[in-house]
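An overview of the molecular structure
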Amino acid sequence: MTRVKAIVPLRSFEGGADPDAFRLLDAGGALVKGAVAPLSGDAALEGYRWMLLSRALDERVVSLQRQGRIGTYSAVYGQEASVVGVSLALDPARDWIFPQYREAPALLRHGMPMSTLLLYFIGNPLGARVPDGVLLAPIQISIAAQLPHAVGMALGLKMQDRDAVVVTFVGDGASSEGDFHEALNLAGLVRAPVVFVLQNNGYAISTPRSKQTAAASFACRAEGYGMPGVRVDGNDLLAVYQVTHEAVERARTGGGPTLIESQTYRLYPHNTADDQSRYVPPEELEARRLEDPLPRLRNYLSSIGAINEASEEQLRAAVAEEITAAVSAAEASARSTPDQIFDYVYASPTPRVIRQRAEITGNAKIGVV
Ligand SMILES: Cc1ncc(C[n+]2csc(CCOP(=O)(O)OP(=O)(O)O)c2C)c(N)n1
C-alpha cells in the first residue's frame with residue numbers, strides 16, 4: 001500500500017529566531033544583506049518614540065497598579081516592534097483597528113487619548129468609550145470575539161466602496177477559538193479588506209505555543225482560508241512595517257485579506273495578576289531578553305545617525321512628561337460607581353439588569369424589580 005505523504009512539513013517554530021520569517025534587521029540592529037529600509041530615518045525614529053512611550057507607559061502603569069491606583073493591566077513589554085510596526089502602516093484617518101487588549105501604542109497613535117485609556121485600566125467604564133471620529137473598536141477581553149466584528153466591518157466598507165482597511169490583532173491562544181476560524185473563513189470567501197495580525201508571543205497565559213496547535217506555524221493556516229499567510233520577525237520594526245504595509249495595500253486595492261504571524265515574545269507576565277516564573281524557565285527569559293526590540297532599533301537608528309544619547313534623553317523626558325500629564329488627567333476624572341457597569345449593557349435594561357443594579361446600590365429588596 002502506498003503511504004500518504006504529509007502535506008505540511010512537520011516542523012514547528014518553538015521560539016527564538018525562525019529562519020524562515022521575514023526580517024530586515026539582524027539581532028544587532030544591522031540591515032541584513034540586500035535589505036532596503038522601507039522607512040525613512042525620521043519615520044523609523046517616530047516608530048522608536050512610540051516604542052519608548054509604550055515601554056515607559058507599561059512601567060508606569062504597573063507601578064500604579066502596585067499602589068492600588070490601576071486595576072488589571074496587560075503590558076506590551078517585548079512586543080513593541082510588533083504593535084508599532086503594524087500601526088505605522090495604517091492611516092488613522094480612514095483605516096480601522098479592532099484590538100485585543102495588548103496594543104496600547106497602536107490605540108494611542110490612532111487617536112485614543114492616553115488619559116481615556118488609563119481610565120479604562122482604572123476600571124472606569126467611561127474609559128471604554130471610543131471618542132467620535134476615532135476609528136477604533138473597543139478593547140476586547142473575550143478572546144477572538146473581535147475577529148467576526150472586524151470582518152463584518154471590512155465587508156461593510158467594501159460594500160460602500162471605501163478605500164479603507166480593517167486591521168485586527170489576535171493572540172496565538174485566541175487563534176484556537178471558533179471565532180478565529182469562522183472569521184478567517186468568511187474573510188477569505190468574501191475577500192474582505194482585513195488584515196489579521198496574529199501576535200505569536202510564545203504563550204497564552206501559561207500555555208506555551210507547543211501546546212497550542214500541531215500546525216507547523218500559525219501563518220500556514222491561511223492557505224485553508226484562501227488567503228496569503230506571512231511569517232515575520234515581530235521584534236524587527238522595519239520588517240513588521242513592510243509586511244503590514246504590503247498586506248494593507250493588497251486589501252485596499254481589492255486583493256482581499258492576509259494573515260500575518262508576528263513572531264515576538266512577551267517579556268512580562270501575562271498581566272499584573274500573573275506570575276510567569278511559575279511556567280517560564282528563567283534561562284528562556286534571559287535568552288529572549290537579548291532579542292528585545294528596543295535596543296535593536298536603537299542600534300539601527302544610531303548607525304544611520306538618526307539618534308544620539310542627547311536626543312534619546314530628550315525623547316525619554318518628553319514621553320515621561322506626557323504620561324505624567326495623562327495620569328493626572330485620568331485620576332482627576334470623576335470616580336466611577338459600581339452601578340455604572342449596568343449603564344452600558346443594553347440600551348433598554350432588562351428586568352434582570354434592573355434588579356442587579358438595585359441590589360448593588362442597596363436600593364431594592366432582593367427579588368423585587
Ligand atoms: C473567550 C475567552 N476565554 C478565556 C479567556 C481567558 N483568557 C484571557 S487571556 C487568555 C489567553 C490569551 O492568549 P493569547 O491569545 O495568546 O494572547 P496574549 O494574552 O498572549 O497576548 C485567556 C485564555 C477570555 N478572556 N476569553
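To keep things clear, this report deals only with the structure shown in the data block. What you see is a predicted model; the values in this text were computed from it and never measured. Within every chain, residues take consecutive numbers counted from 1 along the sequence as written. Totals for whole chains, interfaces and linings use all residues, but because this is a predicted model, local features are given only for residues with pLDDT of at least 70 and pairs of side-chain atoms are given and counted only at 80 or more. Excluded from the side-chain calculation are hydrogens and water; included are all heavy atoms of the structure.

**Describing the site of the ligand**
- Any residue with at least one heavy atom within 4 Å of a molecule or strand is counted as near it. Surrounding the ligand, one finds 15 residues, the nearest of these being Tyr 101, Arg 102, Ile 141, Gly 173 and Ala 174.
- Between N or O atoms, a polar contact is any pair within 3.5 Å; within protein, one atom must be a potential hydrogen donor and the other a potential acceptor, and residues adjacent in sequence are included only when both atoms are from side chains. Here an oxygen atom of the ligand and a side-chain polar atom of Gln 100 are 3.2 Å apart.
- A distance of 3.3 Å is found between an oxygen atom of the ligand and a side-chain nitrogen or oxygen belonging to Asp 172.
- Residue exposure ignores everything except the shown protein chains as possible cover, and the areas themselves are Shrake-Rupley values with a 1.4 Å probe. The fraction of the free accessible surface of the ligand (580 Å²) that becomes covered by protein chains is 72%.

**Thoughts on the pairing of strand E2 (residues 166–171)**
- Of all six residues in E2, six are buried; the element is thus mostly enclosed.
- Residue burial is assigned from relative accessible area. The probe radius is 1.4 Å, only protein chains are included, and a residue is buried under 20% of its type maximum, exposed over 50%, and partly exposed in between. To qualify as a helix, a DSSP run of H or I must reach at least 4 residues; to qualify as a strand, a run of E must reach at least 2; elements of each kind are numbered from the N terminus. Both faces of E2 are covered, namely the face carrying Val 166, Thr 168 and Val 170 and the face carrying Val 167, Phe 169 and Gly 171.
- When DSSP locates at least two bridges between a pair of strands, those strands are taken to pair. Here strand E1 (residues 96–98) pairs with E2 via three bridges, running parallel. Pairing of Ile 97 across the sheet is with Val 167, part of E2.
- Relative to strand E3 (residues 194–200), E2 runs parallel, the two being bridged by six bridges. Bridging across to E3, Val 167 finds its partner in Val 195.
- Remark: the E2/helix H6 (residues 178–190)/E3 crossover connection has right-handed handedness. Crossovers are described as right-handed under a simple rule: with the strands pointing away from the observer, the path leading from the first strand over the helix to the second runs clockwise.

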